[in-house]
Amino acid sequence: MTLEQTLLKKAAQAMSDDIDKQVLKSMSMMFDFYLEHSTGTVYGQPYLTVTPVNAEGKWYDMMDWMNNTFGPSPDLKEANARWYANNSMFWFRDQKDRDWFALKWS
């Protein structure tokens, strides 16, 4: 694959992701509570994030579910953990875990 093809592929994926986010956000605005998906890095490793929006009263239930499903909440100093909860977001190392969370709480 040439450099041009690689750049075009990355640009197309970024546009597709942005459209998906906007459509999902528009659809979920019909409800009081929704999950906002994004990405980030923890100790240089890529993670998928989910921010529960308008989730008052649900955070502690979500934390209980996370601890019971994926194991105890890791210390933020622990590198390469399966998941983290920080800054009103859940951080997932694996897409399948993020998807499972989204299915449970959507």
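The coordinates are above.
### Considering the nonpolar core
Ranked by internal contacts, the top residues of the largest apolar core, which has 15 residues, are Leu 35, Met 62, Met 66, Trp 83, Phe 90, Phe 92 and Phe 101. At the level of secondary structure, the elements contributing two or more residues to this core comprise α2 (59–70), β4 (89–92) and α3 (95–105). The element contributing the most residues to this core is α2, with 5 residues. Discounting chain neighbours no more than four positions away, the residues touching Met 66 are Gly 71, Trp 83, Phe 90, Phe 92 and Phe 101. Counting residues in each nonpolar core, the second largest holds 6 residues, with Val 42, Tyr 84, Met 89 and Trp 91 among its members.

### Remarks on the packing of α2 against α3
Two packed helices can be described by the angle between their axes and the distance between those axes. At a minimum axis distance of 12 Å, the contact between α2 and α3 shows a crossing angle of 135°. Classed by the angle they form, the pair α2 and α3 counts as oblique. Considering how the two elements wind past one another, α2 and α3 form a crossing that is right-handed. For the pair formed by α2 and α3, the contact residues are Asp 61, Met 62, Trp 65, Met 66, Thr 69 and Phe 70 on the first element and Asp 97, Trp 100, Phe 101, Lys 104 and Trp 105 on the second. Considered class by class, the residues forming the contact of α2 with α3 number 7 nonpolar, 1 polar and 3 charged.

### Quick look at the pairing of strand β1 (residues 34–42)
Of the pairings in the sheet, the one linking β1 to strand β2 (residues 45–53) comprises 9 bridges and is antiparallel in character. Bridging from a neighbouring strand, Glu 36 pairs with Thr 51 of β2. The hairpin turn running from β1 into β2, its antiparallel successor, is 2 residues long, and Tyr 43 in that turn takes a positive phi close to 50°.

### What to know about the side chain of Asp 97
Along the chain, the position of Asp 97 falls in helix α3. Within polar-contact distance, the side chain of Asp 97 engages the side chain of Arg 82 at 2.7 Å. Those residues in contact with Asp 97, other than ones at most four positions away along the chain, are Phe 70, Arg 82 and Phe 92.

### What to know about the environment of Asp 64
Turning to its location among the elements, Asp 64 is positioned in helix α2. Residues Asp 64 and Asp 32 lie 32 residues apart in sequence; the distance between their C-alpha atoms is 22 Å.

### Focus on α2
Helix length check: α2 (12 residues) gives 16 Å between terminal C-alpha atoms against 16 Å at 1.5 Å per residue, within 8%. All buried positions along α2 are accounted for by Met 62, Met 63, Trp 65, Met 66 and Phe 70. Angular distribution of buried residues about the axis of α2 spans 165°; they occupy a single face of the element. Opposite its buried face, α2 presents the exposed residues Tyr 60 and Asn 68, each directed more than 90 degrees away. On the buried face of α2, the contacting elements are β1, β2, β3 (83–86), β4 and α3. Trailing α2 by a residue or two, Gly 71 shows a phi angle of about 100°, which is positive.

Rules used in this analysis
Residues numbered from 1 in each chain as written. Predicted model: local features only at pLDDT ≥ 70, side-chain atom pairs only at ≥ 80, totals over all residues. Heavy atoms only, no water. Core = buried A, V, L, I, M, F, W, Y, C linked by side-chain atoms within 4.5 Å. Buried < 20%, exposed > 50% of the residue type's maximum accessible area, 1.4 Å probe, protein only. Helix = DSSP H or I, 4+ residues; strand = E, 2+ residues; numbered from the N terminus. Contact = heavy atoms within 4.5 Å. Axes fitted to C-alpha atoms, helices over the stretch in contact; angles between N-to-C directions. Parallel < 35°, antiparallel > 145°, perpendicular 65-115°, else oblique. Left-handed = near helix turned anticlockwise from the far one by under 90°. Nonpolar A, V, L, I, M, F, W, Y, C, P; charged D, E, K, R; others polar. Pairing = 2+ DSSP bridges. Polar contact = N/O pair within 3.5 Å; in protein donor to acceptor, adjacent residues only side chain to side chain. Expected span 1.5 Å × (residues − 1). Arc of directions from axis to C-beta.

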